[in-house]
Amino acid sequence: MAAPREFRGLWVATVANLDFPSHKGLSPDDARAELAALVAAAADAGFNALVFQVRPESDALYASSLEPWSRYLTGHQGGDPGFDPLAALIEEAHAHAIEVHAWFNPYRASAVAGAPCADTHVTKQLGGAVCPWGRVTWLDPGSPDVQQHTLDVIGDVVTRYDVDGVHLDDYFYPYPDGGRAFPDQASYRAYTAAGGDLDRDAWRRHNVDDLVRRISEAVAAARPGCRFGISPFGIYRPGQPAGIRGMDQVVALHADPMAWYDQGWVDYLAPQLYWSTKRQAQRYDLLLDWWNEHMQPERPLLVGLDVTRVGKEAEWSLDELRQQVTLSRGADRTAGQIWFRATPVLKNQGGIADLAAELYAEPALPPAKPGFAVAPALPDLAVEAGAIAIAAPEAPVRAYVLYGGAEATPAAERILPPGTAQIEVEPGTWAVSAVGPGGVESEAVRVVVGG
């Protein structure tokens, strides 16, 4: 017996209060209520993972001694919101058998250039490594201090919080700003003065590669069952596949996601395929096929979908979104989707929450961490008053899976939260498995419930 697997993720953006909190200055009770409503809406729509932005601008949506509280909580950076949003979300989501993946922006120092920053912020602590860039400020990826600080921040979260994953988005070297060159002359001179012989572009790619590798190693060491994934720009390189046009992320962002994947540094890639099947120069189906072909079965692709335009633009209908999910399910090395982002689902924009509930009606677990094989203990079951009783487990459990139907080929009927103590069922033969951190499922224990 094995439950169906499909990653059904929802990005929760905190930068500029896009998804949470709805506005700055919420009371702790109101903010907690928003998180509870978000989890409930995600559960009702069939999502099984939330990708929560914990570090939008070198700040924190959690209690941190390394970086200040985010301005998006209270209105000023460093202001204590009176509760820990990440801890609250983990508690609420895990109680609904929903995973929480901590989403970090590794290099963005400020989403609004010139905004006041706390004394503990990197712009004050590592000022020489801060680079103004248009309307934002950026951290220099070539600075060893920046690399170490980012690594320390991510390691701190993975060590202290029961997260199911670590997630980076597409912001490495910043997106181009006209013809300007990124101002990293000082760090490159320091590199060459120390004997480095890579040219500027190769050095920049090495800086990003090195951080990705080090994060991968740190996550695996601190929390072996925690996945590490990245959602790169949706076009790997122009002309791949033929006819595709757009930015070359390897050149412009100095980000080479296929190198990270081929080196085994990431458990998954989730390219942002934010175009429709009708957009010829960036066709969703052609891009999906290209990424799918370059994946390995044991580390399948996740697909980033843009749902913010559904119901607002002619080429973004519910049928378009349904087709995109259907195409991803038909790709043999693809294991799920991540929807960008939460608010359209919460508001049921254009009916997309209803569509999610339709598409995700059948139960499914997220894919397990590749190569991780630590299964939880078998559930301790008993039959009490015509129901299945589950004794409290000694080790963490993420979910239980209830199997029923034909005894020879039982089917997964329900995925139940970890706090489940009793399952009401009809008379018959049933089986229950436990799912632990890392997504590994135990063997199922059979039980007969009499009439």
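Please refer to the structure higher up on the page.
These remarks concern the structure in this document. (Residues numbered from 1 in each chain as written. Predicted model: local features only at pLDDT ≥ 70, side-chain atom pairs only at ≥ 80, totals over all residues. Heavy atoms only, no water.)

When its secondary structure is counted, the protein shows 13 helices and 18 strands. Relative to the 2.2 N^0.38 estimate, which gives 22 Å for 451 residues, the radius of gyration of the protein is 23 Å and therefore close to what a compact globule would have. Its C-alpha atoms give the protein principal-axis dimensions of roughly 80 × 50 × 45 Å. Taking all 451 residues of the protein together, the buried fraction comes to 57%. The contacts of the protein with a sequence gap of at least 6 include a subset with a gap of at least 24, amounting to 71%. Surface accessibility of the protein: about 17,600 Å² in total, with carbon and sulfur atoms responsible for 52%. (Helix = DSSP H or I, 4+ residues; strand = E, 2+ residues; numbered from the N terminus. Rg over C-alpha atoms; globule rule 2.2 N^0.38 Å. Buried < 20%, exposed > 50% of the residue type's maximum accessible area, 1.4 Å probe, protein only. Contact = heavy atoms within 4.5 Å. Areas by Shrake-Rupley, 256 points an atom, 1.4 Å probe, with all protein chains shown as cover.)

To continue, consider the nonpolar core. A general trend in soluble globular proteins is that nonpolar side chains are found buried together. Residues Leu50 and Trp339 are the most contacted members of the largest nonpolar core, which totals 103 residues. Listed in part, the 14 residues of the second largest apolar core include Tyr400, Leu402, Ile423 and Val432. (Core = buried A, V, L, I, M, F, W, Y, C linked by side-chain atoms within 4.5 Å.)

Within a beta sheet, neighbouring strands are joined by backbone hydrogen bonds and run either parallel or antiparallel to one another. Taking strand neighbours across the sheet as the criterion, the eight strands line up as E9-E8-E7-E3-E2-E1-E11-E10 in an open arrangement whose pairing is parallel. What marks the edges here is a single partner per strand, and that holds for strand E9 (268-269) and strand E10 (301-306). As judged from the four bridges shared by strand E1 (residues 7-12) and strand E2 (residues 49-55), these two strands associate in the parallel manner. Considered in E2, the bridge of glycine 9 is made with alanine 49. Against the sheet, helix H7 (residues 200-222) touches strand E7 (165-168) and strand E8 (227-230), its axis set at about 160° to E8. (Pairing = 2+ DSSP bridges. Axes fitted to C-alpha atoms, helices over the stretch in contact; angles between N-to-C directions.)

Counting buried residues along E1, six of its six residues qualify, which places the element largely inside the surrounding structure. Neither face of E1 is exposed, since Phe7, Gly9 and Trp11 on one face and Arg8, Leu10 and Val12 on the opposite face are all buried. Where the polypeptide runs from E1 across helix H1 (residues 28-45) and back to E2, its parallel neighbour, the crossover connection is right-handed. (Right-handed = clockwise from strand over helix to strand, strands pointing away.)

The next thing to look at is the environment of alanine 412. Positionally, alanine 412 belongs in strand E15 (residues 411-416). Here the alpha-carbon distance between alanine 412 and alanine 431, two residues 19 residues apart in the chain, equals 9.1 Å. The residues touching alanine 412, leaving out its near neighbours within four places in the chain, are Ala3, Pro4, Pro363, Val401, Leu402 and Tyr403.

The strand order across the open sheet built from three strands is E12-E13-E16, with neighbouring strands paired in antiparallel fashion. At either margin of the open sheet sits one strand with a lone partner, and together these are strand E12 (381-384) and strand E16 (422-424). The average angle at which neighbouring strand axes cross in this sheet is 30°, direction not considered. Note: strand E13 (residues 387-390) against E16, three bridges, orientation antiparallel. By the bridge assignment, alanine 389 is partnered in E16 with glutamine 422.

The first and last C-alpha atoms of H7 sit 33 Å apart over 23 residues, in line with the 33 Å expected at 1.5 Å per residue. Where H7 is concerned, the buried positions are Ala202, Trp203, Arg204, Asn207, Val208, Asp209, Asp210, Leu211, Val212, Ile215, Ser216 and Val219. Where H7 is buried, its residues contact helix H5 (144-160), E7, helix H6 (185-193), E8 and helix H9 (257-262). Backbone nitrogen of aspartate 201 and a side-chain oxygen of the N-cap are separated by 3.2 Å at the start of H7; the cap is aspartate 199. (Expected span 1.5 Å × (residues − 1). Polar contact = N/O pair within 3.5 Å; in protein donor to acceptor, adjacent residues only side chain to side chain.)

Going through the model one piece at a time under the given rule, you end up with zero disulfides. Cysteine 117 forms no disulfide, and the closest cysteine sulfur to it belongs to cysteine 131, at a distance of 14 Å. (Disulfide = S-S within 2.5 Å.)

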